[in-house]
Amino acid sequence: MDDSLPENPLEQAEPGSLHHLVLTQLDDDQAQEMVSIPLAGKSSIADHMVIASGRSTRQVASMAQKLAETVKQAGHGPVRLEGLPAADWVLIDCGDVVVHLFRPEVRSFYNLERMWAFGDAPPVGGNV
């Protein structure tokens, strides 16, 4: 993990916001290595991207379903789920917050944190 990302993203979220609700639910469900990336100025798809891992496909699927239900019950509208049957990588589109839940091996392979949070940084090794 890079030091430029907060260690506990829940501390950075505005209480009462959809972002805070998502992070709280994932924290309650024991999501691992939670990262929140602000997308303002980088993309118009959402305000925040949350990336987290589950220990197994069963935990990833459970966290995704519970999060979708929590967001819906809180009145934030319909939630779209993609990738649920396999549950290696599940995308939860909550509107202003997009959530990616991974099994650890799949997360390290795709490395979304680097693509979204550090895309402007020079490549590792300093070669441009």
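Whatever comes next refers back to the structure up there.
First, a word on scope: everything that follows refers to the structure included in this document. Treat the numbers as computed from the prediction; the structure is a model and nothing was measured.

One non-glycine residue, E33, lies in the positive phi region at around 50 degrees. Examined against the element boundaries, E33 turns out to sit in strand β1 (residues 32-38). Notably, N111 is not glycine yet its phi reads approximately 50 degrees, a positive angle. Tracing the chain through its elements places N111 in the loop between α3 (104-110) and α4 (112-117).

Between its terminal C-alpha atoms helix α2 (residues 57-73) stretches 24 Å, which fits the 24 Å expected from 17 residues at 1.5 Å a residue. Along α2, the residues classified as buried are Q59, V60, A61, M63, A64, L67, A68, T70 and V71. Against the buried residues of α2 lie α1 (18-28), β2 (48-53), β3 (80-82), β4 (89-93) and β5 (97-102). Residue G75 follows α2 closely and has a positive phi angle near 85 degrees.

Turning next to the packing of aromatic side chains. Applying the stated rule across the entire model yields 3 aromatic pairs. Seen from their ring centres, W89 and F102 are 4.8 Å apart, and the 35 degrees between their planes marks the pair as tilted. In this pair, W89 sits in strand β4 while F102 sits in strand β5, placing the two residues 13 residues apart along the sequence. Seen from their ring centres, W89 and Y110 are 4.7 Å apart, and the 50 degrees between their planes marks the pair as tilted. Of this pair, W89 sits in strand β4 while Y110 is found in helix α3, placing the two residues 21 residues apart along the sequence. For Y110, a relative accessible area of 40% corresponds to the partly exposed category. By the ring-pair criterion, three or more aromatic residues cluster together here, those being W89, F102, F109 and Y110.

This part covers the pattern of salt bridges. Per the stated rule, a full pass over the model turns up 5 salt bridges. Put simply, E82 and R80 hold a salt bridge, and the shortest N to O gap is 2.7 Å. Judged by its relative accessible area of 53%, R80 falls in the exposed class. The shortest N-O distance in the salt bridge between E105 and R103 comes to 2.3 Å.

With that settled, consider the packing of α1 against α2. Contact geometry of α1 with α2 gives a least axis separation of 10 Å together with a crossing angle of 145 degrees. Crossing geometry of α1 relative to α2 is assigned as right-handed. Packed against α1, whose contacting residues are L18, L21, V22, Q25 and L26, the element α2 presents K66, L67, T70 and V71 at the interface. Looking at the contact of α1 with α2, its residues break down into 6 nonpolar, 2 polar and 1 charged.

About the thresholds
Residues numbered from 1 in each chain as written. Predicted model: local features only at pLDDT ≥ 70, side-chain atom pairs only at ≥ 80, totals over all residues. Heavy atoms only, no water. Helix = DSSP H or I, 4+ residues; strand = E, 2+ residues; numbered from the N terminus. Expected span 1.5 Å × (residues − 1). Buried < 20%, exposed > 50% of the residue type's maximum accessible area, 1.4 Å probe, protein only. Contact = heavy atoms within 4.5 Å. Phe/Tyr/Trp six-rings, centres within 6.5 Å; stacked < 30°, edge-to-face > 60°. Salt bridge = Lys/Arg side-chain N within 4 Å of Asp/Glu carboxyl O. Axes fitted to C-alpha atoms, helices over the stretch in contact; angles between N-to-C directions. Left-handed = near helix turned anticlockwise from the far one by under 90°. Nonpolar A, V, L, I, M, F, W, Y, C, P; charged D, E, K, R; others polar.

Worth remembering: the numbers are spatial, not functional.
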